[in-house]
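# Topology and contacts: notes
One-letter residues, chain by chain:
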Amino acid sequence: MRVASPPAGATSLRSRVRTMLAAGVDLLFPPACATCGKGGNRICPSCAQLVTPVPDTICMQCGRVQATRRATCPQCQAAGPSPLHRVRAAALHTTPLREWIHLLKYEDRPDLAPDLARYLAAALALPDWDGVRQSIDAVVPVPLHAQRRRERGYNQSELLAAALCRRSGLALAPDLLERQKETRAQVGLGALERQANVAGAFAARPAAAGRHVLLIDDVYTTGATLRACAQALHEAGATQVSALTLALPDHHEAA
Ligand SMILES: [Zn+2]
Ligand SMILES: [Zn+2]
């Protein structure tokens, strides 16, 4: 279902229309599991069980997996203050979650977003994020550049953020942040190249001032994109920026 990119502000209406259309289509053509093909759900309960949650040894600040449980990893201790208050992923970027994210991003399956957002909602509800969750004022998806959004027909992070907000009652603010310049895809770039690639790519609106913003993205790789977004939000006066992503690559381990 490809639709032209809507004007700013039409997002929630479009996502409501999508939900209604999806519900109608489900009555006529019951969905099948995106992985095993079993009828009844886009993601069936048996495939959902194969998703690997992030281990509880993640760094409390950056969300990266550590060999042993410590509050903050050596990288965070060495790096000093970060524009990101707290970061975490919901699950490891392994089968079948990796395939679902690929379908969502590259195979025109925006209908998977509500099922995938369940993992975001579950991660947000974990006890170690109690203080974070309670102070969030606005949920902001990592924006795609307008041209890429037109090509894809939607921003997958925005669909995830919208579905998370419907589940959790948090406020969606997709217009707080915009991508000012087209950047190369981050895939295949090293950490420093990623940082240079996204530097200055984002700008935040003054409405971000005084807010604790929760950024939403699909995959958390080096965090360069999230940091560039957080920087822009702080420049606009945001008080805190945290980030929640669906998946963390499993090779992504700190010492
Ligand atoms: Zn299945
Ligand atoms: Zn860390």
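Up top you'll find the structure we're talking about.
Residues numbered from 1 in each chain as written. Chains lettered and ligands numbered in written order. Predicted model: local features only at pLDDT ≥ 70, side-chain atom pairs only at ≥ 80, totals over all residues.

Attention shifts here to the environment of A171. Along the polypeptide, A171 turns up in the loop between α8 (156-168) and β3 (177-179). C-alpha of A171 to C-alpha of D137: the two residues are 34 residues apart in sequence and 6.8 Å apart in space. (Helix = DSSP H or I, 4+ residues; strand = E, 2+ residues; numbered from the N terminus.)

Helical geometry: 3.6 residues make up each α-helical turn, so side chains three or four residues apart lie on a common side. Within helix α4 (residues 97-106), the full set of buried residues consists of L97, W100, I101, L103 and L104. End-on, the buried residues of α4 take up no more than an arc of 160°, which puts them together on one face. α4 presents H102 and Y106 as exposed residues on the side facing more than 90 degrees away from its buried surface. Buried positions along α4 lie against β1 (87-92), α5 (113-124), α8, β5 (212-219) and β6 (240-248). Positive phi shows up at D108, right after α4, with a value of about 55°. (Buried ≥ 20, exposed ≤ 12 C-beta atoms within 10 Å, placed from the backbone. Arc of directions from axis to C-beta. Contact = placed C-beta atoms within 7 Å.)

Moving on, we come to unusual backbone geometry. The linkage connecting T95 with the following residue, P96, adopts the cis geometry, with an omega of 0°. Mapped onto the elements, P96 comes out in the loop between β1 and α4. One non-glycine residue with positive phi stands out, namely D108, at about 55°. Summarising the element assignment, D108 is placed in the loop between α4 and α5.

Now for the nonpolar core. In this structure, L120, L160, L215 and L246 are the most contacted members of the largest nonpolar core, which totals 70 residues. Apart from residues no more than four positions distant in its own chain, L160 is found in contact with A113, L116, A117, L120, P141, I216, D218 and L246. (Core = buried A, V, L, I, M, F, W, Y, C linked by C-beta atoms within 7 Å.)

Now for helix α10 (residues 224-235). Between its terminal C-alpha atoms α10 stretches 17 Å, which fits the 16 Å expected from twelve residues at 1.5 Å a residue. By the criterion of burial, α10 is predominantly enclosed, with nine of the twelve residues buried. Listing the buried residues of α10 in full gives A224, T225, L226, R227, A228, C229, A230, A232 and L233. Of the surrounding elements, those touching the buried residues of α10 are β1, β3, α9 (191-198), β4 (202-204), β5 and β6. (Expected span 1.5 Å × (residues − 1).)

Moving on: the environment of L189. Looking at where L189 falls in the secondary structure, it is placed in the loop between β3 and α9. Look at L189 and you get partly exposed, because 18 C-beta atoms sit within 10 Å. Separated by 33 residues in the primary sequence, L189 and T222 have C-alpha atoms spaced 10.0 Å apart. Discounting residues that sit within four places of it in the chain, L189 has contacts with R194 and N197.

Moving on, we get to the sheet that holds β6. Ordered by their spatial adjacency, four strands build an open sheet running β1-β6-β5-β2, and the pairing between neighbours is parallel. What marks the edges here is a single partner per strand, and that holds for β1 and β2 (138-141). In this sheet, neighbouring strand axes are inclined to one another by 20° on average, regardless of whether the strands run parallel or antiparallel. Judged from the five bridges that link them, β1 and β6 form a sheet pairing that is parallel. Bridge pairing links R88 to L244 in β6. Across the sheet, α4 is in contact with β1, β5 and β6; its angle to β6 comes to roughly 110°. (Pairing = 2+ DSSP bridges. Axes fitted to C-alpha atoms, helices over the stretch in contact; angles between N-to-C directions.)

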